[in-house]
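Survey of secondary and tertiary structure
Letter by letter, the chains look like this.
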Amino acid sequence: SSGTPEHLICDLAHSWNADVIVLGSRGHRGLRELFLGSISNYVTHHAPCSVWVVRPDRSARSQPSARQSGQTEAQVTPSVSRSA
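Report follows, based on the coordinates. Think of each chain on its own: its residues are numbered from 1, step by step along the sequence as written. Local features in this predicted model are restricted to residues of pLDDT 70 or higher, and side-chain atom pairs are both shown and tallied only at a pLDDT of 80 or more, whereas totals for entire chains, interfaces and linings draw on every residue. Side-chain calculation: all heavy atoms of the structure are included, whereas hydrogens and water are not.

1. So, a nonpolar patch on the surface
Put simply, the test is: Candidate patch residues must exceed 30% relative accessible area and have no salt bridge, after which like charges are joined if within 9 Å and Val, Leu, Ile, Met, Phe, Trp or Tyr side chains if within 5 Å. All accessible areas in this document rest on Shrake-Rupley with a 1.4 Å probe, and a residue is counted as covered only by the protein chains that are shown. Between Lys or Arg on one side and Asp or Glu on the other, a salt bridge is scored when a side-chain nitrogen of the former is within 4 Å of a carboxyl oxygen of the latter. Here a helix means four or more residues in a row that DSSP labels H or I, a strand means two or more in a row labelled E, and each is numbered from the N terminus.
Together, V20, V22 and W52 give the surface a local cluster of nonpolar side chains, amounting to about 270 Å² of exposed area. By the secondary structure assignment, V20 is in strand β1 (residues 20-24).

What follows is the structure in structure tokens.
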């Protein structure tokens, strides 16, 4: 298949009759998101099912132990809940 990632994700969710889509987000906001675009933003508004966006936990990045180990925590935030 060809196409943009956000369209492919929505198309696959529809063809698979998905109950939920889980996506990662880099956490861009404001003008940066506007100019760079956002796959998670598009999918949240166009998916045929519920969408959960996993955003990085910024507090974990600032802790020395997280930086030294190379691990980062994630925070799961339900963005939209829709009935199929």
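2. Considerations on the packing of helix α1 (residues 5-15) against helix α3 (residues 39-46)
As a reminder, the rule being used: Comment: axis = line fitted to C-alpha atoms, over the contacting stretch for helices; angle = value between 0 and 180 degrees taken between N-to-C directions. Take the far helix as your reference; a near helix turned counterclockwise from it by less than a right angle gives a left-handed crossing, and one turned clockwise gives a right-handed crossing. What makes two residues a contact is simply this: any of their non-hydrogen atoms within 4.5 Å. Each residue gets one of three labels, nonpolar for Ala, Val, Leu, Ile, Met, Phe, Trp, Tyr, Cys and Pro, charged for Asp, Glu, Lys and Arg, and polar for the others, Gly among them.
Packing of α1 against α3 leaves a shortest axis separation of 9 Å and a crossing angle of 35 degrees. Remark: the crossing between α1 and α3 carries right-handed chirality. On the side of α1, the interface is formed by P5, E6, H7, I9 and C10, while α3 contributes I39, Y42, V43 and H46. Residues belonging to the contact of α1 with α3 are distributed by class as follows: six nonpolar, two polar and one charged.

3. Considerations on the nonpolar core
Rules: Nine residue types can take part in a nonpolar core, namely buried Ala, Val, Leu, Ile, Met, Phe, Trp, Tyr and Cys, and a core is a set of them joined through side-chain atoms within 4.5 Å. Partly exposed describes any residue whose relative accessible area lies between the buried limit of under 20% and the exposed limit of over 50%, with all areas from a 1.4 Å probe on protein chains only and scaled to the type maximum.
Among the nonpolar cores identified, the biggest contains 10 residues, and these are C10, A13, A18, I21, L23, V43, A47, C49, V51 and V53. Of all the secondary structure elements, the ones that give two or more residues to this core are α1, β1 and β2 (50-56).

4. Things to note about α1
The condition is simple: Along the arc lie the directions from the helix axis toward the C-beta atoms.
The complete set of buried residues in α1 reads E6, C10 and A13. The arc that holds every buried residue of α1, seen down its axis, measures 65 degrees, which confines them to one face. Immediately beyond the C-terminal end of α1, within one or two residues, lies N17, with a positive phi of roughly 55 degrees.

5. Some points on α3
Taken together, the buried positions of α3 are occupied by S40, V43 and T44. Down the axis of α3, the buried set is contained in an arc of 105 degrees. They therefore lie on one face.

All we've got here are geometric facts, nothing functional implied.
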